Amino acid sequence: MGVAVATAIALLAIPTPAMAGSSNLETSPDPAWDSPPAPTLAGFTLPMDWSQRTSPCPRTADAPHLEQRLASFARPALCPGDVSEAVVHLQRLLTEKKLYRQPITGVYDTATRYAVAAFHKVIGPAHPNPATAVAEWRADPPPEDWTSEDWLLLEAFDPRPPKFRRNQPDRVESDIGHQVLYLIHDDEVVAIMPISTGAGRGTRGCTSSDTCSVSVTPRTSRMVGGSTFFGEHGYSAGWSPRPGDWSIYKAIFYRGQYGEWNYGLHGYRHVPHYPASHGCTRLTVWDMDFLRPTTARGAADSRVWVGMTIHVWDE
């Protein structure tokens, strides 16, 4: 398997700034083509959707499970609920690729599932049209299981900033089309996080609390320099209010390209793999704890802060 991996990784092209937005992928443009070829990673053509993927996971509780799958594979297929040294290796590799920030436990748990889904979001299809995105995501969700092919793809994956920005070394990039968020410090990716943005069909959010009924996440694409975070909450227990139907966790707010009111990033109890929020960007509670380890306003250990740049875009 080592030779195969080395060969596969060698097939990955070195990205250049001109490939902004697809810097992790090989495209090999050919002027003779009417359209560019599909992007590849580790020698595999990346999916236009997940409909052709065959899950390695058992469909029933009494089906052959972990022990039989591990017997004959150096890099086995894995499923949620598995407990093994292979899961330890997966968690370590996900950590190296900036997709996982939790303890290495060897348990294919909820946090591991979210990290796996985030990786599949990044390399999988984008849904940049707000009018159709929710239906497309729900019909074709990113997989939470792990195949033998996924090992090669993850080993070849290079977690680079999705877009080139001049003189903005510390920033957040919210890629709505792929439903992931990049935290970038010193022009290096610190974390790639799964998100759920607004379920509305437009690109323009509300401009006052009195009219805020359209569930749209404000973009910043008309703002050359992006937006900046302007305020944050400091809750004694992290939640405002106590967990309930609309409670939010450790929020930090920005304004969109039309001066939209009071939108931001916050933790939430439910972060599906499709746009589902009322306009803010939902993150898992553990990822929000990574961004803001304490509840105090302006805490020195926060990885996002008031005045930090944020870019929000569809493609």
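These figures come from a predicted structure and were not determined experimentally.

Calculation notes
- Residues numbered from 1 in each chain as written.
- Predicted model: local features only at pLDDT ≥ 70, side-chain atom pairs only at ≥ 80, totals over all residues.
- Heavy atoms only, no water.
- Disulfide = S-S within 2.5 Å.
- Helix = DSSP H or I, 4+ residues; strand = E, 2+ residues; numbered from the N terminus.
- Buried < 20%, exposed > 50% of the residue type's maximum accessible area, 1.4 Å probe, protein only.
- pLDDT = per-residue confidence, 0-100.
- Contact = heavy atoms within 4.5 Å.
- Core = buried A, V, L, I, M, F, W, Y, C linked by side-chain atoms within 4.5 Å.
- Expected span 1.5 Å × (residues − 1).
- Pairing = 2+ DSSP bridges.

How would you summarise the state of the cysteines if you had to cite specific residues and measurements?
In this structure the tally under the stated criterion is 1 disulfide. Here Cys57 connects covalently by a disulfide to Cys79, the sulfurs 2.1 Å from one another. Its S-S torsion of approximately -110° makes the covalent link between Cys57 and Cys79 left-handed. One end of the pair, Cys57, is in the loop between β2 (44–45) and α2 (66–70); the other, Cys79, is in the loop between α2 and α3 (85–96), with 22 residues separating them in the sequence. Overall, Cys79 belongs to the buried group, its relative accessible area being 2%.

Describe the confidence of the model for the protein, naming the residues involved and giving the relevant values.
Averaged over all residues, the pLDDT of the protein is 86; the fraction at 70 or higher stands at 83%. Predicted confidence for residues 1–23 stays below pLDDT 50, and this span has 32 contacts to residues more than four positions away or in other chains. Low confidence marks residues 67–72, where pLDDT is under 50. Its contacts with residues over four positions away, or in another chain, come to 11 contacts.

Provide a residue-level description of the nonpolar core, including the pertinent values.
Counting 32 residues, the largest nonpolar core has Leu90 and Trp146 as the members making the most contacts within it. The element best represented in this core is helix α4 (residues 110–123), accounting for 7 residues. Among all residues touching Trp146, those that are not within four sequence positions of it are Arg53, Pro56, Pro76, Ala77, Leu78, Leu90, Tyr108, Val116, Phe119, His120, Trp151 and Leu154. By size, the runner-up hydrophobic cluster in this structure holds 23 residues, among which are Trp239, Tyr254, Leu291 and Met308.

Please set out α4 residue by residue, giving values where relevant.
Look at α4: 20 Å from first C-alpha to last across 14 residues, which is about the 20 Å you get at 1.5 Å a residue. Burial analysis of α4 places 12 of its 14 residues in the buried class, the great majority of the element. Buried within α4 we find Ala111, Thr112, Tyr114, Ala115, Val116, Ala117, Ala118, Phe119, His120, Lys121, Val122 and Ile123.

Please provide a residue-by-residue account of the pairing of strand β3 (residues 171–175), values included.
The buried fraction of β3 amounts to 5 of the 5 residues, a majority that puts the element mostly inside the structure. Residues of β3 alternate between two faces, with Arg171, Glu173 and Asp175 on one and Val172 and Ser174 on the opposite face, all of them buried. With 5 bridges connecting them, β3 and strand β4 (residues 180–185) associate as antiparallel partners. Residue pairing in the sheet places Glu173 in a bridge with Tyr182 of β4. As consecutive antiparallel partners, β3 and β4 are separated by 4 residues, and within that stretch Gln179 has a phi angle of approximately 55°, a positive value. With 5 bridges joining them, β3 and strand β11 (residues 309–313) adopt parallel strand pairing. Residue pairing for β11: Ser174 is matched across the bridge by Val312.

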